[in-house]
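Chain residues, written in single-letter form:
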Amino acid sequence: MKYLTEYRDAGLVHTLVDEIRRTVKRNWVVMEICGGQTHAIMRYGLDQLLPPEIELVHGPGCPVCVTSLELIDKALEIASQPGVIFTSYGDMLRVPGSGRDLFSVRASGGDVRVVYSPLDAIKIAQLNPDKQVVFFAIGFETTAPANAMSVIQAEALGLKNYSVLVSHVRVPPAMHAILGSPENRVQAFMAAGHVCAVMGYWEYPPIAHQYKVPIVVTGFEPVDILQGLLLSIRQLETGRFETENGYPRVVTFEGNRPAQDVLQRVFQECDRKWRGIGLIPASGWQLRSEYAHLDAETRFSVDQIQPEESPICISGQVLQGVKKPLQCPAFGGLCTPEHPLGATMVSSEGACAAYYHYGREAYG
Ligand code: SF4
């Protein structure tokens with residue numbers, strides 16, 4: 001398949017690994033931001049090909065993982081109410097809240113439905129005018145434009161029975177939070193290529209200069225990831241801290257301006273809690289006041305829900321690159337994909353799940 005198989009080419013992979021080995025002279029810690037990149041690294045064993053000087057740590061770019069416990073519990077409360085059809089992407093159904101998940105709400109009789117697009121939720125609302133249809137709008141800058149479009153469409157259709165439970169998060173404030181932490185170990189970022197496809201990378205140069213870290217826009221196939229890593233290591237070894245585009249076949253500096261316009265029209269920045277990490281200022285999007293009547297949190301009066309995180313799970317430290325999944329005492333014992341304690345073990349993009357599925361417990 002064009003633009004896919006050639007980026008999994010074993011010869012190119014080994015050429016890039018050899019070049020990384022020739023380039024690296026000192027120890028460096030590099031974070032790949034996106035959970036999709038983490039899974040590609042584990043799936044293809046890229047971490048095992050690298051020289052010992054390079055440590056990859058895994059970032060917070062998994063929307064399922066970072067959706068706050070508070071929002072999950074609000075989703076569970078709303079989905080349990082009679083007369084509600086709660087719609088969500090499938091990977092949110094197994095994410096544990098304080099005591100249960102959306103699957104268990106469905107098993108108890110709740111009408112919880114998996115959709116592949118918020119526009120499916122709009123159709124369900126049109127077909128069920130006597131029900132309240134709620135869409136769980138989670139994700140980074142990648143999914144936010146489509147979710148914003150559903151809000152615009154609901155308004156255009158005059159739907160009174162559609163609302164969104166918004167849990168959108170933004171990457172740049174998370175980078176600030178990681179780099180500004182006294183525990184920070186990250187010396188370079190491989191930025192998430194799909195986020196940059198929407199947002200461009202014009203937000204990154206000030207971050208690179210403020211913290212003196214290279215930021216390289218990076219894709220998701222083995223060759224993309226090694227290319228992003230090579231560009232990062234070249235910068236680190238030569239003392240540069242620039243923003244580079246290692247994914248030019250998809251990403252431009254400006255990004256997708258029409259999508260950004262839709263985001264600006266529907267959402268405004270807000271402080272947001274990240275699961276395991278806590279509150280990050282200006283790291284989320286919420287509905288603008290013009291669309292506040294479509295906010296499920298207000299419609300269903302769930303503002304008072306304020307749960308406590310599990311004291312066992314260290315996913316917050318994993319998501320900031322401070323610790324790795326194998327440093328969690330619950331990994332593989334108390335916490336497995338079948339019985340997850342934290343969201344990073346549930347999600348297909350979670351770092352703990354990646355380590356578990358690709359057998360990293362055997363390698364350390
Ligand atoms: S292994 Fe489980 S308990 Fe430990 S950090 Fe990962 S999700 Fe949390």
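Placed above this text is the structure.
Residues numbered from 1 in each chain as written. Predicted model: local features only at pLDDT ≥ 70, side-chain atom pairs only at ≥ 80, totals over all residues. Heavy atoms only, no water.

**Student:** Any chance you could break down the state of the cysteines for me, citing the residues and the numbers?
**Tutor:** All chains considered together, the criterion is met by one disulfide. Disulfide pairing is shown between cysteine 62 and cysteine 65; the S-S distance is 2.5 Å. The sign of the S-S torsion, about 75°, decides the handedness of the disulfide formed by cysteine 62 and cysteine 65: right-handed. Neither cysteine 62 nor cysteine 65 differs from the other in exposure class; each is buried. Cysteine 34 takes part in no disulfide bond, and the closest cysteine sulfur, belonging to cysteine 62, lies 8.2 Å away. According to the relative accessible area criterion, cysteine 34 is buried, its value standing at 1%. Cysteine cysteine 270 shares no disulfide, and the gap to the nearest cysteine sulfur, in cysteine 62, comes to 19 Å. (Disulfide = S-S within 2.5 Å. Buried < 20%, exposed > 50% of the residue type's maximum accessible area, 1.4 Å probe, protein only.)

**Student:** Could you give an account of the site of the ligand, naming the residues involved and the relevant values?
**Tutor:** What surrounds the ligand is the set Cys313, Ile314, Ser315, Cys328, Ala330, Phe331, Cys335, Leu341, Gly342, Thr344, Met345 and Cys352. The site holding the ligand turns out to be the largest cavity. Per-class residue counts for the shell around the ligand are nine nonpolar, three polar and no charged. (Near = heavy atom within 4 Å. 1 Å grid on protein atoms, 1.4 Å probe; cavity = no way out; pocket = protein on both sides within 12 Å on 5 of 7 lines; lining within 4 Å. Sits in = over half its atoms within 2 Å of the grid points. Nonpolar A, V, L, I, M, F, W, Y, C, P; charged D, E, K, R; others polar.)

**Student:** Got a sec to walk through the packing of aromatic side chains? Specific residues and values, please.
**Tutor:** Counted by the stated rule, this structure contains seven aromatic pairs. Look at tyrosine 201 and phenylalanine 253: their rings are 5.1 Å apart centre to centre, the planes differ by 90°, and that puts the pair in the edge-to-face class. Of this pair, tyrosine 201 sits in the loop between α10 (193-199) and α11 (205-211) while phenylalanine 253 sits in the loop between β9 (243-245) and α13 (257-266); the two residues are 52 residues apart in sequence, bridging distant segments of the chain. Assessed through its relative accessible area of 38%, phenylalanine 253 is described here as partly exposed. For the cation-ring pair, arginine 249 lies above tyrosine 7, with the distance from its terminal atom to the ring centre recorded as 3.5 Å. (Phe/Tyr/Trp six-rings, centres within 6.5 Å; stacked < 30°, edge-to-face > 60°. Helix = DSSP H or I, 4+ residues; strand = E, 2+ residues; numbered from the N terminus. Lys NZ or Arg CZ within 6 Å of the ring centre and 35° of its normal.)

**Student:** I'd like a description of α13, backed by residues and values.
**Tutor:** Side chains of residues three or four places apart in an α-helix project in the same direction, reflecting 3.6 residues per turn. Turning to α13, its buried residues are Ala259, Gln260, Val262, Leu263 and Val266. Mapping the buried residues of α13 onto a view down its axis gives an arc of 155°, with all of them on the same face. What points out from α13, more than 90 degrees from its buried face, is the exposed set Pro258 and Asp261. Structurally, α13 contributes buried residues whose contacts are with α8 (144-157), α10, β10 (267-274) and β11 (278-287). (Arc of directions from axis to C-beta. Contact = heavy atoms within 4.5 Å.)

**Student:** Quick rundown of the nonpolar core? Include the residues and the values.
**Tutor:** Counting 89 residues, the largest nonpolar core has Phe86, Tyr162, Phe189 and Tyr204 as the members making the most contacts within it. Once residues lying within four places of it in the same chain are set aside, the contact partners of phenylalanine 86 are Ala75, Ile78, Ala79, Leu102, Asp111, Val112, Arg113, Val134, Phe136 and Leu165. In this structure, Val13, Val17, Ile233 and Cys352 belong to the second largest nonpolar core, which totals 35 residues. (Core = buried A, V, L, I, M, F, W, Y, C linked by side-chain atoms within 4.5 Å.)

**Student:** Before we move on, could you go through the pairing of strand β2 (residues 54-61) and cite the residues and values that matter?
**Tutor:** With respect to burial, β2 is a largely interior element, seven of its eight residues being buried. Examined bridge by bridge, strand β1 (residues 28-34) and β2 share six bridges and lie parallel to one another. Along β2, the bridge assignment pairs glutamate 32 with histidine 58. (Pairing = 2+ DSSP bridges.)

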